[in-house]
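# Working through the structure, step by step
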Amino acid sequence: FWADNPLAQEWQAHSLNPVVSDARRSRPAGGVFVWNGGLFRPAQDCSVSYGRRIVLHRIKALTVETYDEEIVQTIGPEWDPQLTGTHTFVTSPGLTVVDARRRRFKFN
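Residues numbered from 1 in each chain as written. Predicted model: local features only at pLDDT ≥ 70, side-chain atom pairs only at ≥ 80, totals over all residues. Heavy atoms only, no water.

As a further point, take the pairing of strand 7 (residues 95–102). The pairing of strand 6 (residues 83–92) with strand 7 spans eight bridges and is antiparallel. Bridge assignment links Thr 86 to a residue of strand 7, and that residue is Ala 100. (Pairing = 2+ DSSP bridges. Helix = DSSP H or I, 4+ residues; strand = E, 2+ residues; numbered from the N terminus.)

So this is what it looks like as structure tokens:
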């Protein structure tokens, strides 16, 4: 969706809406961000399970009529054997946060 004024009541649907429709890359995993002059969109890969891994896309084209992106990186849970998924990627100047899901056994 787009609007000339982000506070406007009336937003217009993108001409390709939905621009992404795929369990491997459509669910948001954080906000779009700028890095090294490029525009990036983090998404969750939910094809195996909810929040299985994060997929970072570089947005190649974004206008009211076009949209194109490419996968540039994935962040999976493999860096810790107790993790079962990575869920969110949020970045701002000086800080990047990734959250993860881990297996935890609870005994009563």
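Once the structure has been displayed, the description carries forward.
Next up on the list: the pattern of salt bridges. Counted according to the given criterion, the structure contains seven salt bridges. A salt bridge links Asp 45 to Arg 53; its shortest N-O distance comes to 2.9 Å. Asp 45 gets classed as buried once you look at its relative accessible area, which sits at 5%. The partner of Glu 70 in a salt bridge is Arg 58, and the shortest N-O contact between them spans 2.6 Å. (Salt bridge = Lys/Arg side-chain N within 4 Å of Asp/Glu carboxyl O. Buried < 20%, exposed > 50% of the residue type's maximum accessible area, 1.4 Å probe, protein only.)

Scanning all chains against the criterion turns up three aromatic pairs. Each ring, one from Phe 33 and one from Phe 89, has its centre 5.5 Å from the other, and the planes form 35°; the classification is tilted. Here Phe 89 lies in strand 6 and Phe 33 lies in strand 2 (residues 33–35), a separation of 56 residues in the sequence. Comparing Phe 33 with Phe 89, the two get one shared label, buried. When the centroid spacing of 5.9 Å and the interplanar angle of 65° are considered together, the rings of Trp 35 and Phe 40 count as edge-to-face. Residue classification places Trp 35 among the exposed positions, given a relative accessible area of 54%. Clustering of aromatic rings is evident, with ring pairs tying together Phe 33, Trp 35, Phe 40 and Phe 89. (Phe/Tyr/Trp six-rings, centres within 6.5 Å; stacked < 30°, edge-to-face > 60°.)

Let's shift gears to the environment of Cys 46. The residue Cys 46 is located in the loop between strand 3 (38–45) and strand 4 (53–62) in this model. In this structure the C-alpha to C-alpha distance between Cys 46 and Ser 26, which are 20 residues apart in sequence, comes to 8.8 Å. What Cys 46 contacts, discounting residues up to four positions off in sequence, is Ala 23, Arg 24, Arg 27 and Gly 51. (Contact = heavy atoms within 4.5 Å.)

It is worth spelling out a nonpolar patch on the surface at this point. On the surface, Val 90, Leu 95 and Val 97 cluster together to form a nonpolar patch covering roughly 250 Å² of accessible area. Take Val 90: it is sitting in strand 6. (Patch = residues over 30% accessible without salt bridge, like charges linked within 9 Å, V, L, I, M, F, W, Y side chains within 5 Å. Areas by Shrake-Rupley, 256 points an atom, 1.4 Å probe, with all protein chains shown as cover.)

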